[in-house]
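Here are the chains, one letter per residue:
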Amino acid sequence: MSIRVFLDAPKKDGGSGSASSSSAPRVVPIASFAAPASYERVLHSLQLEHGGALRQVGATSSVAATSTIPDGDYVLDIPVSQISLKVVLHETKLVIPVPSHLHKIHHLMDVICRRMTPYYVAKKEKSSSNNDEEEDELDGGDDSSSSSNLVRLAQLRTMDGFALHPYDTIGSVLRDGDTVLAVEWNAWVKEQEKLCYDVWLKVDQADFIDSKNKRIRIGRHQHNKLFIAIDVDRECVLLEMFDVEALHNFSKSGKQMVMHKEGSRQSGKFTWSAKVHFVINDKGRVTDVELSVKSYSDDRAEIKNIGIGMKKGDLVAGPFRTVQSSDIELENAAQNAYVLPSEHHTGPSLSFPPPVPSPVPLAKLAPSSSSNDVWAKIRGEEVDPILADQTWARDGSFNNLFFAHLNFINPTEQEVPVIKMTGEYNAAEEGKAPQWTPLKHAL
């Protein structure tokens, strides 16, 4: 049993001949209440301040203001009063009529967006470098571009700077002829980002298909609110804020989605999504927030959970944990991995025995006649095995670059300069007489 209230009466055979009953029927009522309900409660819930009366569908007289309303369908008869608002968006100014003062502020924002779009020239021009296949809508991958070209509003404010709540009725906060300031989305986000510097957790997923990372940020707003932002390529596409009262007054316990953004490309072959769920306890309070991000190139979403608490009236972050990783589990990867075949050797092979350090001969040293006694005491040694560093072929010859770590030890107190050093290598085959060949070198 319920009470449904319409602005226009649903059309029925044998209905009244009033203007309301002859109007097009509304499929969805503007309000619904559990029956029975008091007259005052219904009007108070509708936030009706301009007067009005309830009339049952098909009846000619209104319901008495002191009666209890039984279940059924009712029409809200309101005085005819045209409300027009002066709307300012940057340098664009329009007078916009309001269809009904019982509509919500967010309905008014939709009307303003549609009416302002032909007149308002956005400061930020959209990039046209991507082709049609690469362009994708953030709100579900719809190929139509009409919705994306609309002016996007974040808030409506009065001339003295007070924000209008999106779920208040127009007639409860505005009057005919009032001036409303429309705040564009980009300007509002830039204003709020300065107050959202206390970030608790980020879930950032790289995307290797469109090279635009998908990310969710959560933290504390400077005004003691919980802020949650969804970013695409570090550009905020959705920003919501929840004060303490909103976080502590949910009607149902369990898990509830509060934010959602997604997109697709190539006819749904690839999809990305960002979802935020509140975990609510039996007292209607949010205890945890679950963040889920999946990029185009992810096989599944990265999901993390963070706790929400209070400390001396301020919102604080609780512990966080990873619920699900976007990486494929190792056991699944092992099952799908390619098994390499066993090694199989054919043909001759070369073996290189480990080099044995040996003293460096100093026969090539040419000391001066006055220092023969000193040079007789100098000795050299190879510190490490000689290591090959680089090999290349050029002009029909084969070249190798080697590193040799040598030490020359002078046990005397006299300084002896080393101005030249020569080197040789054995070019003879194994088992034959040595063929010492000079090699190019550098100190």
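Nothing here was measured: the structure is a model prediction, and the numbers come from that model.

**Q** Mind showing me how you'd approach the nonpolar core here?
**A** As a rule of thumb, soluble globular proteins bury nonpolar side chains together. Of all hydrophobic cores here, the largest spans 29 residues; its most connected members are I216, I218, L226, I228, F278, V289 and L291. Taken together, the elements giving at least two residues each to this core come down to β11 (198-205), β12 (214-221), β13 (225-232), β14 (235-242), α5 (244-247), β16 (270-280), β17 (286-294) and β18 (302-311). If one sorts the elements of this core by residue count, β16 sits on top with five residues. Filtering out sequence-adjacent residues up to four positions away, I218 remains in contact with V199, W200, L201, L226, F227, I228, V289, L291 and I306.

**Q** Explanation requested: the sheet that holds strand β10 (residues 179-184) in the structure shown.
**A** What holds strands together in a sheet is hydrogen bonding between their backbones, with the strands either parallel or antiparallel. Read from one edge to the other, the open sheet built from four strands follows the order β8-β7-β10-β9, with strand pairing classed as mixed. Edge strands, defined here as strands with exactly one partner in the open sheet, are β8 (92-98) and β9 (153-158). Across the sheet, the axes of successive neighbouring strands diverge by a mean angle of 30 degrees, strand direction being ignored. Sheet analysis places strand β7 (residues 83-89) next to β10, joined by three bridges and oriented parallel. Pairing of V87 across the sheet is with V180, part of β10.

**Q** What exactly am I supposed to notice about the packing of aromatic side chains here?
**A** The description of an aromatic ring pair uses the distance of the two centres, along with the angle that the planes make with each other. Under the criterion given, the structure shown has three aromatic pairs. Relative to W188, the ring of W185 lies with its centre 5.7 Å away and its plane at 40 degrees, an arrangement referred to as tilted. Residue W185 and its partner W188 are located together in helix α4 (residues 185-193), separated by three residues, close to a single helical turn. By the burial criterion, W185 is buried, and W188 matches it. Residues F250 and F278 carry aromatic rings whose centres are separated by 5.9 Å and whose planes lie at 85 degrees to one another, so their mutual orientation is edge-to-face. With F250 in the loop between α5 and β15 (254-265) and F278 in strand β16, this pair connects stretches of sequence that are 28 residues apart. Taking the relative accessible area as the measure of exposure, F278 reaches 0% and is therefore buried. Three or more aromatic residues link up through ring pairs in this structure, and these residues are F242, F250 and F278. Over the face of the ring belonging to W185 we find R152, whose NZ or CZ atom lies 3.9 Å from the ring centre. Across the ring face of Y296, the terminal group of R265 is positioned such that the distance to the ring centre comes to 5.4 Å.

What counts, and at which threshold
- Starting from 1, residues in each chain are numbered consecutively following that chain's sequence as written.
- Restriction of local features to residues with pLDDT of at least 70 applies here, the model being predicted, together with a cutoff of 80 or more for giving and counting side-chain atom pairs; totals for whole chains, interfaces and linings are based on all residues.
- Here the side-chain values reflect all heavy atoms present in the structure, with hydrogen atoms and water set aside.
- Here, nonpolar core refers to any group of buried Ala, Val, Leu, Ile, Met, Phe, Trp, Tyr and Cys residues whose side-chain atoms link them within 4.5 Å.
- Note on exposure labels: buried denotes an accessible area under 20% of the residue type's maximum, exposed denotes more than 50%, and partly exposed covers the range between, all computed with a 1.4 Å probe on protein chains only.
- Under the scheme used here, helices are H or I runs from DSSP no shorter than 4 residues and strands are E runs no shorter than 2 residues, and both carry numbers assigned from the N terminus.
- Note on definitions: a residue-residue contact is assigned when non-hydrogen atoms from the two residues lie within 4.5 Å.
- Two strands make a pair as long as DSSP finds a minimum of two bridges between them.
- As a rule, the C-alpha atoms of each element are fitted with a line to give its axis, helices using only the stretch in contact, and angles between N-to-C directions run from 0 to 180 degrees.
- Note on aromatic contacts: the rings of Phe and Tyr and the six-membered ring of Trp form a pair at centre separations within 6.5 Å, being stacked when their planes are under 30 degrees apart, edge-to-face when over 60 apart, and tilted otherwise.
- Note on geometry: a ring has a charge over it if NZ (lysine) or CZ (arginine) is within 6 Å of the ring centre and within 35 degrees of the ring normal.

Interpretation note: all reported values are geometric properties and have no functional meaning in isolation.
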